[in-house]
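# A look at the structure
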Amino acid sequence: MADSKREIERKYELPGRPDSEKPPGLPDLTGAGNVAAVRARGVQELDAVYYDTPALRLNADTLTLRRRTGGEDAGWHLKFPVATGVRDEIRAPLSDTLPPELAGLVRSRVRDAELIPVVRLRTSREVSLLLDGRGAPLAEVAVDTVRARRLPGTGHPRADTAWTEVEVELADGADPAVLDAVEKRLRKAGLRPAASASKLGRALAAGGRTAEGRKTARKGGRADGAPHAPVTAGDHVLAYLRAQVTAIVAQDPAVRRDLPDSVHQLRVATRRLRSTFRTHRKVLDRTVTDPVGEELKWLAAELGVDRDHEVLSERLAGLVDAVPGTLLLGPVRARLRIWTAGGRTGSRARTVAVLDSERYLTLLATLDALLAAPPLRPAAAKAPEKVLPARIDRAYERLAERIDGALAMAPGEGRDLALHDARKAAKRARYAAEAAVPALGKPAKRFARRIKAVQTVLGDHQDSVVAREVLRDLAIRAHAAGESAFTWGLLYGQEETRAERRERELPQVWEAASDPALRTGLGARPRG
């Protein structure tokens, strides 16, 4: 089984010849911050082979996949960037072939391409531990003498290079301030931050393009194109679409790792794509985008099984936690845990199965093809100021019709459904404005913010509707089991009151979003 480790480190280049066989010594790091002692741990001989596709798809997104022998953590390692100097390393035991759990985590990027050895690194690592006054580890310092060989298969000839560098990795639970103190001491001794963020990147740069160069050329995910800044309306729409495809590809492994909010972020990206296709039918040929939109609708629905259960579980747990102990009659928490676990197990397995399906891979390939050769209509060549405001205005009118219709209805199931439809329209109007922000600036940003407030009210109302359905079901189950249903009824009443409060708030929030100045600022006609 694979396990995960958060890796926080900094890399430095040693002064002198980069290919020095014997690295110069480090300065004394005792007294740097809380460092009370430095303990030598000897030399490790590491041999790592890095894998990627022939087009270096993993490297383009700053992921690294390697099989390493030697040292204390021999095995397969897959690293995901989190922030500058911070990566999540997923480890699996040493084996001859790539473990399935790691193969799944790179699938959204690798697709059907072959993973091949691209670089071999042999490293002689001299390790020292930095300890505090109690003997607890603060950081590990490694002086690495590296011999790298770029392997054939990526369109570049085999190339050898060598260098020496220093890695300082924060110990688990240690204060990151120690890294600043150590860096200050190293800089004083003449060391400088490494130009390359990884050994793999440095090795690949010997005789070929760097990851940064390839990423600039590709501009997000598998889709080529648009290295220039957006100019036309079509440019801006495509830039927004590329960002969503990139988000899907990036969130795929996060969903597989069950990271918080990952399903939600992946689902939002699919919705934004589909909404943009529908909003910008004057820019993109709908005969091409409509079938893709249907596949995105399928994906969002499948992801919703997991996401909706997650949201409901959190909401119901919060409701139960807020109930005074004297009003918790019966095994309320236990029944809620059973409901949560039961739904989570089934929905989780279903979500991963969707990401492993050929239908999903085909969708990713279709999105790549669409962005590589977009089906542009004549309006795409026009200035964004001539096209985008009208599309935002159309989405706004659609939202206005739905909200006005819902507010005119009597409270009840029909109104609840109408408000849910209005929520969908609010998302579409918001996404249309967000896509236009780079072109239209602050007016689009203000409009999107006001519409988001409307969406929030409608979303909480809909969540309350769904929560009441589950609470009623839990009450029925509790009663059938001979338990008290009092608490479930109490929570049902609270949700009913919350929904009524949201309905009372909606007209005021909608009035703020309907301010004619917001729309005229976008260049749209005011509503009559």
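Residues numbered from 1 in each chain as written. Predicted model: local features only at pLDDT ≥ 70, side-chain atom pairs only at ≥ 80, totals over all residues. Heavy atoms only, no water.

## Details of the packing of aromatic side chains
- Evaluated as defined, the whole model comprises three aromatic pairs.
- Here Tyr51 and Trp76 contribute two aromatic rings whose centre-to-centre distance is 5.4 Å and whose plane-to-plane angle is 40°, an arrangement assigned as tilted. Note that Tyr51 is positioned in strand E2 (residues 37–52) and Trp76 in strand E4 (residues 75–83), a separation of 25 residues in sequence. Just as Tyr51 is buried, Trp76 falls in that class too.
- Ring geometry for Tyr396 and Trp510: centres 5.5 Å apart, planes at 20°, overall stacked. One end of the pair, Tyr396, is in helix H12 (residues 384–407); the other, Trp510, is in helix H15 (residues 486–513), with 114 residues separating them in the sequence. The same class applies to Tyr396 as to Trp510, namely buried.
- Three or more aromatic residues link up through ring pairs in this structure, and these residues are Tyr396, Phe447 and Trp510. (Phe/Tyr/Trp six-rings, centres within 6.5 Å; stacked < 30°, edge-to-face > 60°. Helix = DSSP H or I, 4+ residues; strand = E, 2+ residues; numbered from the N terminus. Buried < 20%, exposed > 50% of the residue type's maximum accessible area, 1.4 Å probe, protein only.)

## Side note on the nonpolar core
- Leu367 and Trp510 are the most contacted members of the largest nonpolar core, which totals 62 residues.
- For this core, the element with the most residues is helix H13 (residues 413–440), which contributes eleven residues.
- Ignoring any residue separated from it by four or fewer positions in sequence, one finds Leu367 in contact with Val245, Ile248, Leu273, Phe277, Val292 and Leu296.
- Leu29, Val166, Val168 and Leu179 belong to the second largest nonpolar core, which has 21 residues in total. (Core = buried A, V, L, I, M, F, W, Y, C linked by side-chain atoms within 4.5 Å. Contact = heavy atoms within 4.5 Å.)

## Digging into a positive patch on the surface
- Together, Lys442, Lys445, Arg446, Arg449 and Arg450 make up a region of like positive charge exposed at the surface.
- Within the element layout of this structure, Arg446 appears in helix H14 (residues 442–480). (Patch = residues over 30% accessible without salt bridge, like charges linked within 9 Å, V, L, I, M, F, W, Y side chains within 5 Å. Areas by Shrake-Rupley, 256 points an atom, 1.4 Å probe, with all protein chains shown as cover. Salt bridge = Lys/Arg side-chain N within 4 Å of Asp/Glu carboxyl O. Lys, Arg positive; Asp, Glu negative; His and termini not counted. Charge placed at Lys NZ, Arg CZ, Asp CG, Glu CD.)

## Section: the pattern of salt bridges
- Applying the stated criterion across every chain, the model contains 50 salt bridges.
- A salt bridge links Asp308 to Arg267; the shortest N-O distance between them is 2.9 Å. Note that Asp308 is positioned in helix H9 (residues 286–322) and Arg267 in helix H8 (residues 262–279), a separation of 41 residues in sequence.
- For Glu302, the salt bridge identified is with Arg350, shortest N-O distance 2.8 Å. Highlighted residues: Glu302 in helix H9 and Arg350 in helix H10 (residues 332–355), separated in sequence by 48 residues.

## Side note on a nonpolar patch on the surface
- Together, Leu327, Leu329 and Phe486 line one region of the surface with nonpolar side chains, adding up to about 230 Å² of accessible area.
- Within the secondary structure, Leu327 sits in the loop between H9 and H10.

## A closer look at the confidence of the model for the protein
- Counting all residues, the mean pLDDT for the protein is 90, and 92% of those residues have values of 70 or more.
- Here helix H6 (residues 211–218) stands out as the least confident element of the protein, with mean pLDDT 43; strand E3 (residues 64–69) is the most confident, with 97.
- Scored below 50 in pLDDT, residues 18–23 shows 13 contacts in the model against residues more than four places distant or in partner chains. (pLDDT = per-residue confidence, 0-100.)

## Comments concerning the environment of Ala233
- Looking at the element boundaries, Ala233 is found in helix H7 (residues 233–256).
- In this structure Ala233 comes out as buried when scored by relative accessible area, which is 0%.
- Put simply, Ala233 and Ser275 are 42 residues apart on the chain and 16 Å apart in space, counted from C-alpha to C-alpha.
- Those residues in contact with Ala233 that lie beyond four places of it in its chain are Ala379, Ala380, Lys382, Ala383, Pro384 and Val387.

## Comments concerning the pairing of strand E7 (residues 137–150)
- Among the 14 residues of E7, ten are classified as buried, and the element is accordingly described as predominantly covered.
- The pairing of strand E6 (residues 116–131) with E7 spans 13 bridges and is antiparallel. Bridging across to E7, Leu131 finds its partner in Pro137.
- In sequence, E6 turns back onto E7 through a hairpin of five residues, with Gly135 there showing a positive phi of about 90°.
- One ladder, built from twelve bridges, connects E7 with strand E8 (residues 159–170); its direction is antiparallel. Bridge pairing in E8 links Arg147 to Ala162. (Pairing = 2+ DSSP bridges.)

## Observations regarding H8
- Between its first and last C-alpha, H8 extends 26 Å over 18 residues, near the 26 Å set by a 1.5 Å rise per residue.
- Among the 18 residues that make up H8, 13 are buried, leaving the element largely enclosed by the rest of the structure. (Expected span 1.5 Å × (residues − 1).)

## Considerations on the layout of surface pockets
- Considering only enclosed or pocket space, the largest pocket measures out at about 1300 Å³ in volume.
- Along the wall of the largest pocket there are 37 residues; nearest its centre are Arg267, Arg271, His420, Arg423 and Lys427.
- The set of elements that each furnish at least two residues to the lining of the largest pocket consists of H8, H9, H12, H13 and H14.
- When its residues are assigned to classes, the lining of the largest pocket shows eight nonpolar, nine polar and 20 charged.
- If you add up the space inside the second largest pocket, you get close to 680 Å³.
- Lining the second largest pocket are 35 residues, with Arg68, Asp73, Arg125, Glu140 and Glu169 positioned closest to its centre.
- Contributing elements (two or more residues each) for the lining of the second largest pocket: strand E1 (3–13), E2, E3, strand E5 (86–92), E6, E7, E8 and helix H5 (199–205).
- Counting residues per element, the lining of the second largest pocket draws most heavily on E2, at five residues. (1 Å grid on protein atoms, 1.4 Å probe; cavity = no way out; pocket = protein on both sides within 12 Å on 5 of 7 lines; lining within 4 Å. Points joined across faces, edges and corners; volume = space filled by probe spheres on them. Nonpolar A, V, L, I, M, F, W, Y, C, P; charged D, E, K, R; others polar.)

## What about unusual backbone geometry?
- A positive phi angle, close to 55°, is found at Leu56, a residue other than glycine.
- Among the structural elements, Leu56 can be located in the loop between E2 and helix H1 (57–60).
- Assessed through its relative accessible area of 2%, Leu56 is described here as buried.
- For Asp258, which is not a glycine, the phi torsion comes out positive at approximately 60°.
- Within the secondary structure layout, Asp258 lies in the loop between H7 and H8.
- Assessed through its relative accessible area of 38%, Asp258 is described here as partly exposed.

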